[in-house]
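# Working through the structure, step by step
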Amino acid sequence: MRYVFTGKNMSVTEGIKDRATRKLGRLEKLLPDNAEVYVTFSENKHLTKMEVSVPLHKRVLRAEVTDTDVSSCIDQAVDILEKQVVKYKSRLRDRRRRGVAATDELTFLGTPEPDANETTENEIIITRTKKFALKPMDAQEAVMEMELLNHGFYVFRNSWTDEINVVYKRNDGEYGLIEPQ
């Protein structure tokens, strides 16, 4: 694996790089040999934020942790990424999801093709499906609808572009807009 470290508002020392490389090394057995791991450390007042992203064949694994100690950030991020990799591989192995694309991804990850008799315990079950009409509106109107419904996001048809968009409430209290490319 190849590691790329960057620091925002702080310098990433060799000690931090060594500790992060050693801890993230736990993921080497789960990821392909040519995987690149992008690690960004930033400091804001007394809190340290660590962002780790691992681009894979068709997916990106990502962990973001904020804590007062760099070591605990590293430990938490590795735990999050380890769970994501295991969950991702088990989904690919799932008999229902198996197809050419899933087999291709498993081969890229260096995981052998699963047996036909294998069952998974992390099977995703959709218990409810909801349908609704999409009214054309602008983003401001969609935010008002979202707030009235007390939801964290709202799907709508943009009246200017006639495309499906999503508005969502961010952790900092601001709003975001997702548009298709």
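Residues numbered from 1 in each chain as written. Predicted model: local features only at pLDDT ≥ 70, side-chain atom pairs only at ≥ 80, totals over all residues. Heavy atoms only, no water.

This brings us to the side chain of Thr40. For Thr40, the location among the structural elements is in strand E2 (residues 36-44). With relative accessibility at 16%, the residue Thr40 sits in the buried group. A polar contact of 3.0 Å, which involves the side chain of Thr40, links it to the side chain of Thr6. Setting aside its immediate chain neighbours within four residues, Thr40 contacts Thr6, Lys8, Lys49, Met50 and Glu51. (Helix = DSSP H or I, 4+ residues; strand = E, 2+ residues; numbered from the N terminus. Buried < 20%, exposed > 50% of the residue type's maximum accessible area, 1.4 Å probe, protein only. Polar contact = N/O pair within 3.5 Å; in protein donor to acceptor, adjacent residues only side chain to side chain. Contact = heavy atoms within 4.5 Å.)

On inspection of all chains with the given rule, the structure shows one aromatic pair. Considering the side-chain rings of Tyr3 and Phe5, the 6.2 Å spacing of their centres and the 25° angle between planes classify their relative orientation as stacked. Summarising the burial analysis for this pair, Tyr3 and Phe5 share the class buried. (Phe/Tyr/Trp six-rings, centres within 6.5 Å; stacked < 30°, edge-to-face > 60°.)

With respect to the element layout, Tyr154 can be found in strand E6 (residues 153-158). The class for Tyr154 is buried, based on a relative accessible area of 13%. The spacing of Tyr154 and Val167 is 13 residues in sequence and 5.4 Å in space, taken between C-alpha atoms. Filtering out sequence-adjacent residues up to four positions away, Tyr154 remains in contact with Met137, Ala142, Glu145, Met146, Leu149, Asn165, Val166 and Val167.

In terms of nonpolar packing, the biggest core is built from 30 residues, with Leu24, Leu31, Val39, Phe41, Met50, Val52 and Val54 touching the most fellow members. Of all the secondary structure elements, the ones that give two or more residues to this core are strand E1 (2-8), helix H1 (14-24), E2, strand E3 (47-55), strand E4 (60-67) and helix H2 (70-93). At nine residues, the largest contribution of residues to this core is made by H2. Setting aside anything within four residues of it in sequence, one finds Val39 in contact with Val4, Phe5, Thr6, Leu24, Met50, Glu51 and Val52. The next biggest cluster of nonpolar side chains, apart from the first, holds seven residues, and it includes Val143, Met146, Phe156 and Val167. (Core = buried A, V, L, I, M, F, W, Y, C linked by side-chain atoms within 4.5 Å.)

Moving on, we come to the packing of H1 against H2. Between H1 and H2, whose axes approach to 10 Å, the crossing angle comes to 25°. In terms of axis orientation, H1 runs roughly parallel to H2. With respect to the hand of their crossing, H1 and H2 are arranged in right-handed fashion. Contacts between H1 and H2 involve Ile16, Arg19, Ala20, Lys23 and Leu24 from the first element and Val70, Ser71, Ile74, Asp75, Val78 and Leu81 from the second. Looking at the contact of H1 with H2 residue by residue, the classes come out as seven nonpolar, one polar and three charged. (Axes fitted to C-alpha atoms, helices over the stretch in contact; angles between N-to-C directions. Parallel < 35°, antiparallel > 145°, perpendicular 65-115°, else oblique. Left-handed = near helix turned anticlockwise from the far one by under 90°. Nonpolar A, V, L, I, M, F, W, Y, C, P; charged D, E, K, R; others polar.)

What follows is about the sheet that holds E3. Within a beta sheet, neighbouring strands are joined by backbone hydrogen bonds and run either parallel or antiparallel to one another. Here we have four strands laid out as an open sheet, ordered E1-E2-E3-E4, and mixed in their pairing. Both outer strands of the open sheet, E1 and E4, are each paired with one neighbouring strand and no more. Here the strands of the sheet are splayed against their neighbours by 15° on average, with no regard to which way each runs. The strands touched by H1 are E1 and E2; relative to E1, the strand with the most contacts, the crossing angle is about 135°. Contacts from H2 reach E2, E3 and E4 within the one sheet, and its direction differs from that of E4 by about 150°. (Pairing = 2+ DSSP bridges.)

Distances and angles like these do not, on their own, reveal function.
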